[in-house]
Amino acid sequence: VPSQLRYNIVVLATADEEYQFTGARHAMQAGLKADFGIAGEPTSLRIIRAHKGVVRWYLRTAGTAAHAAYPSRGENAIYRMGHVLTRLEAYARGLASGPSHPLLGTPSLSVGVIAGGQAVNIVPDLCRIEIGLLADECMLGAGVQVAERPFEATPLPNRGRPRRQVRPLGHF
């Protein structure tokens, strides 16, 4: 009899749980509540008692577009992102060699997507990366502060020029 059950157990089959979590997000927005969950993942019938949570975000660096024949007239956003990537890589190595959760191991950070530029003959005015952090609940509870740590020590290099408003260059 449902009224005699101590816990609310729900079977929920979802989609898109590796990237945007649309199935679980829809269930939460619809007000679904459960005391426990069983995830039907391929585990070779091994019971998994814990798994890493995930935080994903993107970062953008801005530059100033210019023709590649005159790169000094612009600011290369991809080069600027290179400084960020170097710090993120060092931060990821530090996470991998840091404290380890008894069931989950160490946190992991990865830059999985990078995009920027319009054409090879244009100094890019924008670069964007997507970052994923997989970690235990204690670390993820720090949220955005975790993402900011690699950048607290020193600012990104800037040539000291004021930002110019430049119309996007078309194709030549």
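Remember, predicted model here, so these are calculated numbers, not experimental data.

Colleague: What's the story with the overall build of the protein in this structure? I'm lost.
Modeller: Counting its secondary structure elements, the protein contains 4 helices and 5 strands. Ordering the α and β elements of the protein from the N terminus gives α-β-β-α-β-β-β-α-α. Carbon together with sulfur atoms contributes 57% to the accessible area of the protein, which is approximately 12800 Å² in total.

Colleague: Help me out: how do you make sense of the nonpolar core in this one?
Modeller: Note on soluble globular proteins: their nonpolar side chains tend to be buried together. Grouped together as the largest cluster of nonpolar side chains are 14 residues, with contacts concentrated most on Leu88, Leu109, Ile129, Ile131 and Leu133. Within the residue set of this core, elements represented by two or more residues are helix H2 (77–96) and strand S5 (126–135). Top contributing element to this core by residue count: H2, with 7 residues. Excluding residues that lie within four positions of it along the chain, Ile129 makes contacts with Trp57, Tyr58, Leu59, Met81, Val84, Leu85, Leu88, Val111, Val113 and Ile114.

Colleague: Teacher, can you tell me more about the sheet that holds S5 here?
Modeller: The strands making up a sheet are joined through hydrogen bonds of the backbone, oriented either antiparallel or parallel. As summarised here, the arrangement of the 3 strands in space is S1-S5-S3, forming an open sheet in which the pairing is antiparallel. Here the strands that pair on one side only, and so sit at the sheet edges, are strand S1 (53–62) and strand S3 (108–116). Each neighbouring strand pair of the sheet contributes to a mean axis angle of 20 degrees, computed without reference to strand direction. One ladder, built from 10 bridges, connects S1 with S5; its direction is antiparallel. Of the residues in S5, the one forming a bridge with Val55 is Leu133. Each of S1, S3 and S5 is contacted by H2, which is oriented at about 10 degrees to S5, the strand it contacts most.

Colleague: Is there a simple way to think about a nonpolar patch on the surface in this case?
Modeller: On the surface, Tyr7, Ile9 and Phe36 cluster together into a nonpolar patch covering about 350 Å² of accessible area. Within the fold, Ile9 resides in the segment before helix H1 (22–29).

Colleague: Whenever I open this one, H2 confuses me. Can you help?
Modeller: Note: α-helices contain 3.6 residues per turn, so residues at a spacing of three or four share the same orientation. With 20 residues, H2 extends 28 Å from end C-alpha to end C-alpha; this agrees with the ideal 28 Å at 1.5 Å per step. You can read the cap of H2 off the contacts: a side-chain oxygen lies 2.8 Å from the backbone nitrogen of Ile78, and it is on Asn76.

Colleague: Mind showing me how you'd approach the environment of Met81 here?
Modeller: Relative to the assigned elements, Met81 resides in helix H2. C-alpha separation for the pair Met81 and Ala62, spaced 19 residues apart in sequence, amounts to 8.8 Å.

Colleague: Would you mind showing me how to read the packing of aromatic side chains here?
Modeller: The full count for this structure, using the stated rule, is 0 aromatic pairs. We note Arg73 situated over the ring of Tyr70; from NZ or CZ to the ring centre the distance is 4.1 Å. We note Arg128 situated over the ring of Tyr58; from NZ or CZ to the ring centre the distance is 3.9 Å.

Colleague: Looking at this structure, how should I read the environment of Gly63?
Modeller: Positionally, Gly63 belongs in the loop between S1 and strand S2 (66–67). Put simply, Gly63 and Pro124 are 61 residues apart on the chain and 6.7 Å apart in space, counted from C-alpha to C-alpha. If near-sequence neighbours (up to four positions away) are discounted, Gly63 is found in contact with Glu75, Ala77, Pro124 and Asp125.

About the cut-offs
- Residues numbered from 1 in each chain as written.
- Predicted model: local features only at pLDDT ≥ 70, side-chain atom pairs only at ≥ 80, totals over all residues.
- Heavy atoms only, no water.
- Helix = DSSP H or I, 4+ residues; strand = E, 2+ residues; numbered from the N terminus.
- Areas by Shrake-Rupley, 256 points an atom, 1.4 Å probe, with all protein chains shown as cover.
- Core = buried A, V, L, I, M, F, W, Y, C linked by side-chain atoms within 4.5 Å.
- Buried < 20%, exposed > 50% of the residue type's maximum accessible area, 1.4 Å probe, protein only.
- Contact = heavy atoms within 4.5 Å.
- Pairing = 2+ DSSP bridges.
- Axes fitted to C-alpha atoms, helices over the stretch in contact; angles between N-to-C directions.
- Patch = residues over 30% accessible without salt bridge, like charges linked within 9 Å, V, L, I, M, F, W, Y side chains within 5 Å.
- Salt bridge = Lys/Arg side-chain N within 4 Å of Asp/Glu carboxyl O.
- Expected span 1.5 Å × (residues − 1).
- Polar contact = N/O pair within 3.5 Å; in protein donor to acceptor, adjacent residues only side chain to side chain.
- Phe/Tyr/Trp six-rings, centres within 6.5 Å; stacked < 30°, edge-to-face > 60°.
- Lys NZ or Arg CZ within 6 Å of the ring centre and 35° of its normal.

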